[in-house]
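# Architecture at a glance
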Amino acid sequence: MTAPVYLDPTRPVAERVEAILALMTDEQKLACLNRVPETVLADGYTLPGLTNEFNEVLHSSGKKPDATFFPQAIGLGATWDTELLEAIGAAVAHEVRARDTDVYASFGPVADIRSNPLAGRFEEGFGEDPLHVGAMTTAYAWGLRGRHPEYVKTFTQMKHFLGYNHEWHRSQSSASMGVRAYHEYQVVPYRMPVEAGAVMGAMTAYNNVNGVPSIINPLLQTLRDEWTKDGVFFFLPDGWDGVNLHTTKGQPWDTWEVDPRGDVPYPTALAAEEGREIGEDENGVYASALMLTAGVSHFHDGSDLPFVPNAGRAVERGLLGADMSHVERVVRDWLHFLVRTGKLDGDACEYNLIPADPHPQDRPEHIELARQAAREQLVLLKNEQAALPLPETASIAVLGPLADLNLRDFYSPLVPAERRPSPLQALRERFGNVVHHSGNDTVALQTAGRYLNVAANGVVTAAGDALGDTETFEVWDWAHEQHMFRHNATGKFLKANLLQQNDGPASFENQIGAAGGGGPLLVAQDDVMEDGDAWFTHQNFHYLRGVGGNVELFGVNHVPAEADGPYHLRLAEDGSLPLAKGGDALDLTETIVENGPEAAAALAAEADWAVVFVGNHPMVNARECFDRPGLDLAPRQADLVREVAAAKPGRTVVVVVSAYPLAIGDIADNPGVAAILYTSHAGQAAGAAIAEALTGDYAPAGRLTSTWLADTSSLPKAGPRSEAYRVSDVDMLEYDVISAGLTYQYSTAEPVYGFGHGLTYTEFAYGALELPASADADSPFTVELDVTNTGGRASDEVVLLFATALESAYGDRTAKRRLAGFTRAKDIAPGETRRVAIEVDPRHLFVWDVVSGKRIVETGAYRFTAGAQEAQIRIQGETIGALDLSTTANVWEKATIAEGLTYWEVSKLHTLKREGGYHSTGSRRAGSHVGFTNAILDGAKGIELRTATTTADWTDLADPVIEVRAGAADGPLLAEIEVPKTAGFQSFADTTAPLTGAEGTQDLYLVFRTGGIYIDTIRLTR
C-alpha cells in the first residue's frame, strides 16, 4: 500500500504540509495555535504531537549543567570566524538532540545589533556592524539548523525581532529610527539569515518600533513576503509579551513623551480609534485577533491568558478581519516545524540517528571547540615593548576581583565550578611562583557603637563590641555604586533574604519576595557569589562612601528609586538589620581594615610581573530589564590598576574581563601598564585560554566588534524624564545611528579603542589590494591581497575590508566607512606570505532609495581599504532620482535627513489595515528638522502638511511653527507654517501654506521651532 503523501520523505515539505492540512477539521486547526496536539486525521492516521519545547542556545545548549559552556556572544563575535561559529552551532544542536530527546526548538541565535554600548544585554549580541552581525548570526544558525535541505537539527528561532537594544521599560517603550537607519542598519542582521534559509522562526521583541508593537508589526508580513522563499515563518512572542499587548503598548512612550502611568492596552486604544470602548474580556479577543492578522504563529507567551480561545472567538466574529485563512497560516507554520524535525520519518532523517546521551558535554570535540573559541575571542588591546608573552620562569602577582572567578551570565549553562576553572587556577598551573590578592578592600561596619558581624544562624547583627576577625567583610566594587560583601570569618556572602520569607513566593512583578517572618533581613548565608540562572540577584547593594567614614548601604537587585524609596537597613532591638522601603538610611560608618589596592600593589612590587584582572559581573548593572548606567570601570578597580602600575611600572598586564565596552582611557594611557588583554566571560575554557595567551602558547588575534568610547558624551542625550539608578544621561531609545552619530560608521568621537582594533604577538604587512576596476551591483567580486608575517611568532590575522561610497546622492550622510567583508587567516608562520581572498557582495553596500522605496547599490566609485592599503572600484548599480513630492507622501518614508526627531505610529487602524505610512515624524526640541534629498522644487507654489501636536507637559507649544527651507536647515526661507494644536500626537489636522522662492532641485528642510509637533504627510502643490 502506498504511504500517504505526508509520510513520504521524498516529497517536498510544503506538499506534505498541504496534504496534512487537507485532512484536518477547522476545530483541529484551531487547536494548533500554540502546539500541535496529537491529532487523528481524516484518513485515520494519528499525527504525533509537537510543542515548542526549547533550549536557550545563546552560547550553549541550554541552561543545563550538562552542556558545553562556550564564550558569550560578544566574545564569539570577536573571533570573526564564521566556520568556528557554525561548528559551535552544530555542537550545541547535537547536545540539544542528544540530551533533551524530545526538544527540537532553539531560541537563538540573537541577531540584535549593538548600536549603544549601554544596552543591558550587550553581551548577547555579536557587535555593532550589521554585516558582521548578520554573517555571524547566519553561520551560527546554519550550525544549529544543519545543512540538510529539508530536515533541521534544531528549529532555529532567532531573537529579538526587531530593534531590541535597550532594557529601559522594554515592554512599553519605542525604538525610534528613520527610514534609512531602519533599512540600512537595523533590519540587516535579521534579514541576512532569513534570506539564507538558516533560520525558520523569530521571537518578536518586547519593544515597539516607531510606536508599532513588534509583536504585531507589519514587518512580520514583509519578512514572509520578501525575505523567505515560501512565505512560511514561525513567529512567537517573547515571554509575557502577549500580556504586554493586553496591558500596555496602546500609548507607547519614550523619554520625550507619555508617562507610563498613562499607558493603555493596545486593543483598548485601537477600539477607541474605532469609536468604541471595550472591557477586559473584549480586550483579550482583540489582542488575539491582532496576533492572528499580524502573522504570529505561537499563541502562548508563558502566561495563562486564554490566547487560543480568544483567537477562536475572533475568527468566529470576523473581528478585525480575522478568518480561517489566518488560522491556516498558523497551522502551516506549525506543520512545517513538525515535518522538518523528522518526527514523521524515523531513520530517514539523519538527525534522528543522533544517539541519546545525558552528558553530551563530555564529547572531546566539544571540549576542544570551547577551548578554541575561548582562545580566538581574546583581543590584545595594548602590548608595549612586546611585554607579552610572559616568561614562564617569572614570578607573577595575580591580582584583581576577577582573578579567581569564572562567572556565568543569565543564559549560561549551569556548569559547576570544577568545570570552569578561574584564571588564577590556570595560571598557577603554568607559573611556578604565583601570589594572589583580590585587590578588594576589607572593611568593618559599625552602627550605634557596635560592629556588624554574623550570628550562628547567618543573620547579620550589630553585636560586635570590638573589631576582630569576625567583624570584617571583603568588598567587591562592581561600578555604579553596586557592591557585594563576603564575611571573612565564614566566607559567606551578604544578601537580602527577600525570597526566603514564609508567607508566599516572590512575584515577578514586585521582584521583592514575600514579607513574612517580620520582613526581609540582611543575612550571610551564601557560599558562592550569585551568577548564572539567577533572575533575582540579592547580593548586590548600593554602597555610597561619604566623608568621615560615613557610608550608606541600600537597595537590592538594582531597585529603582520608587515613590516610597528603595530598601534601606534598619536596626532592630535584637541587633538584626531588617530592610524596609522609604525613610532615612541607617547611620553606618566604615573602617578600612585593609586597603585592597595598596595591599595588591605591595605584592606586585615583590613579583617580576603583575597581572591584574578587572571588569564586570555579568548579572550586575547590565542585564535583562536594566541598561547600564555608564561606561565606567568600577572606581576601586581603577584604583587597583593605578596603584599596581605605579608599583610595577612597565611590568603590569591588565586583563579586562567584560561583557561590554568599558571606558578605560586612563588605563590605556597609563605608561606603567605594559599590556591590556580583553576577554568576554568566555566559558569553561576561559582560564586556560588566558593562561595560554599570557605564556605565548597561543597568540591572541581577535578584534573588537564594538567601539570602546572614552565616555558617554557622544551618545544621544535623554529627554526630560529619566530615572535615578538607571541610565540618566543617555537616550536608550534613539536607534537612528545616522542622525545620532552612533557606531564607528557615523560617530565623530575619538574612541579609546575602535571597532576592529586588535593586536597580536607579531607584525603583519599587507600587500596591495587587487580587485577589478569595475563590477556590476548584482555580481560578487573578490578582493585579494598578500598578508606577510614579518615578526617572529605564528599567529592568526583577522583581515577586515571596509568600503566607502565616494559619489552617493546622500553625500556625507552615508557611512564614513562600512564593513564589506572579513576573514580570519589561520596560523600564519613567521616569514610566511598568505594570499587572502575576500568575496564582496556589492548588494551589502546598498542604501535605501526613498524615491523607489527599495534597497539599491548606487552607481559610482567606491574606496576599499584593508589596513593601510586602499584601492578603488567603480560599481555599476542604480541612481537615486530626484524626489517628486507632488503626490501626498508619508514624511517618514521619504525623509533622508534627520536631527532631533522621534517617530510614532500614525494610526492603529492604519497599522491594522497595512496601508503603509505607519510612522509620523516628530520634533523633540526647537531646531529639530527633517529633510528630503534632491526634492523637485521647480513650480512648487504651496505646501500641504498633515500635522498633530502633543498634549504632554514636556514641551512649550507657544510657537508651533514649521519653517520650510531650501538647501540647508538655515537655508532660504520658503514658508512658515503655523501648526494647529490638536488633541494629541495621533490626532492629525491638515494645514497649508504658500511657498515663496521654491526653485530647482535641492534638499528641502522642515525646521521645527518647538518640540512636540508631529507630521504624517507632505505634498508640494503646483
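This text gives an overview of the structure that appears in the document. (Residues numbered from 1 in each chain as written. Predicted model: local features only at pLDDT ≥ 70, side-chain atom pairs only at ≥ 80, totals over all residues. Heavy atoms only, no water.)

### Section: the sheet that holds strand 45 (residues 961-966)
The strand order across the open sheet built from 5 strands is 40-43-48-45-46, with neighbouring strands paired in antiparallel fashion. Looking at which strands have only one partner, the edges of the open sheet turn out to be strand 40 (897-899) and strand 46 (973-978). Strand-to-strand twist of the sheet, defined as the mean angle between neighbouring strand axes without regard to direction, takes the value 15 degrees. Bridge analysis of strand 40 against strand 43 (residues 929-936) gives 3 bridges, and the strand direction is antiparallel. Paired with Glu 899 across the two strands is His 929, which belongs to strand 43. (Pairing = 2+ DSSP bridges. Helix = DSSP H or I, 4+ residues; strand = E, 2+ residues; numbered from the N terminus. Axes fitted to C-alpha atoms, helices over the stretch in contact; angles between N-to-C directions.)

### Overview of the pairing of strand 21 (residues 541-545)
Side-chain positions along a regular strand alternate between the two faces of the sheet. Across 2 bridges, the pairing between strand 18 (residues 482-487) and strand 21 is antiparallel. Paired with Gln 482 across the strands is His 542, a residue of strand 21. Summarising the sheet, strand 21 and strand 22 (residues 550-554) pair through 4 bridges and their orientation is antiparallel. Directly across from Arg 545, in strand 22, lies its bridge partner Val 551. Here strand 21 folds back onto strand 22, and the loop between the two strands holds 4 residues, one of which, Gly 548, carries a positive phi near 65 degrees.

### Side note on the environment of Lys 495
Positionally, Lys 495 belongs in strand 19 (residues 493-496). In sequence terms Lys 495 and Asn 540 are 45 residues apart; their C-alpha atoms lie 7.3 Å from each other.

### Some points on the layout of surface pockets
The gaps of empty space that remain are located by a probe, the size of a water molecule, rolled over the atoms. Here the second largest pocket is characterised by a volume of approximately 760 Å³. Lining of the second largest pocket is provided by 29 residues; of these, Leu 131, Ala 135, Met 192, Glu 839 and His 844 occupy positions nearest its centre. Mapped by element, the contributors of at least two residues to the lining of the second largest pocket are helix 4 (82-99), helix 5 (130-145), helix 7 (188-196), strand 33 (818-828) and strand 34 (833-840). Residue composition of the lining of the second largest pocket, by class: 11 nonpolar, 6 polar and 12 charged. (1 Å grid on protein atoms, 1.4 Å probe; cavity = no way out; pocket = protein on both sides within 12 Å on 5 of 7 lines; lining within 4 Å. Points joined across faces, edges and corners; volume = space filled by probe spheres on them. Nonpolar A, V, L, I, M, F, W, Y, C, P; charged D, E, K, R; others polar.)

### What to know about the nonpolar core
In terms of nonpolar packing, the biggest core is built from 202 residues, with Phe 161, Phe 864, Phe 932, Ile 943, Leu 1004 and Leu 1006 touching the most fellow members. Not counting chain neighbours up to four residues away, the residues in contact with Phe 932 comprise Leu 883, Leu 885, Val 891, Lys 894, Ala 895, Thr 896, Ile 897, Gln 1002, Asp 1003, Leu 1004, Leu 1006 and Ile 1018. (Core = buried A, V, L, I, M, F, W, Y, C linked by side-chain atoms within 4.5 Å. Buried < 20%, exposed > 50% of the residue type's maximum accessible area, 1.4 Å probe, protein only. Contact = heavy atoms within 4.5 Å.)

### Structural notes on the packing of helix 5 against helix 7
Two numbers describe how helix 5 lies on helix 7: the axes approach to 8 Å, and their chain directions differ by 40 degrees. Viewed along their axes, helix 5 and helix 7 form a crossing whose handedness is right-handed. On helix 7, the residues touching Pro 130, Leu 131, Val 133, Gly 134, Ala 135, Thr 137, Thr 138 and Trp 142 of helix 5 are Val 188, Pro 189, Met 192, Pro 193 and Ala 196. A breakdown of the residues in the contact of helix 5 with helix 7 according to their chemical character gives 10 nonpolar, 3 polar and no charged. (Left-handed = near helix turned anticlockwise from the far one by under 90°.)

### Details of the packing of aromatic side chains
Under the counting rule described, the total for this entry stands at 26 aromatic pairs. Taking 5.5 Å as the distance between ring centres and 75 degrees as the angle between the ring planes, the aromatic pair formed by Phe 234 and Phe 337 counts as edge-to-face. Linking Phe 234 in strand 10 (residues 234-236) with Phe 337 in helix 13 (residues 324-340), this pair joins segments that are 103 residues apart in sequence. Grouping residues by exposure puts Phe 234 and Phe 337 together as buried. (Phe/Tyr/Trp six-rings, centres within 6.5 Å; stacked < 30°, edge-to-face > 60°.)

### What to know about helix 17 (residues 635-647)
Taking 1.5 Å of rise per residue, the 13 residues of helix 17 would be expected to cover 18 Å, and the 18 Å separating its terminal C-alpha atoms lies within 8% of that figure. Here helix 17 has its buried residues at Arg 636, Gln 637, Asp 639, Leu 640, Val 641, Val 644 and Ala 645. (Expected span 1.5 Å × (residues − 1).)

### What to know about empty space enclosed by the protein
Tallied over the entire structure, the rule returns 13 cavities of 30 Å³ or more. The space that makes up the largest cavity amounts to roughly 270 Å³. Lining of the largest cavity is provided by 25 residues; of these, Glu 184, Gln 745, Arg 818, His 844 and Phe 846 occupy positions nearest its centre. Looking at the lining of the largest cavity, the elements with two or more residues in it are helix 5, helix 6 (179-186), helix 7, helix 20 (737-740), helix 21 (743-746), strand 32 (795-805) and strand 33. A per-class count over the lining of the largest cavity returns 15 nonpolar, 4 polar and 6 charged. Its volume calculated, the second largest cavity comes out at about 110 Å³. In terms of lining residues, the second largest cavity is bounded by 16 residues, among which Pro 117, Glu 128, Thr 707, Leu 709 and Thr 743 are the most central. Tallied by class, residues from the lining of the second largest cavity come to 6 nonpolar, 8 polar and 2 charged.

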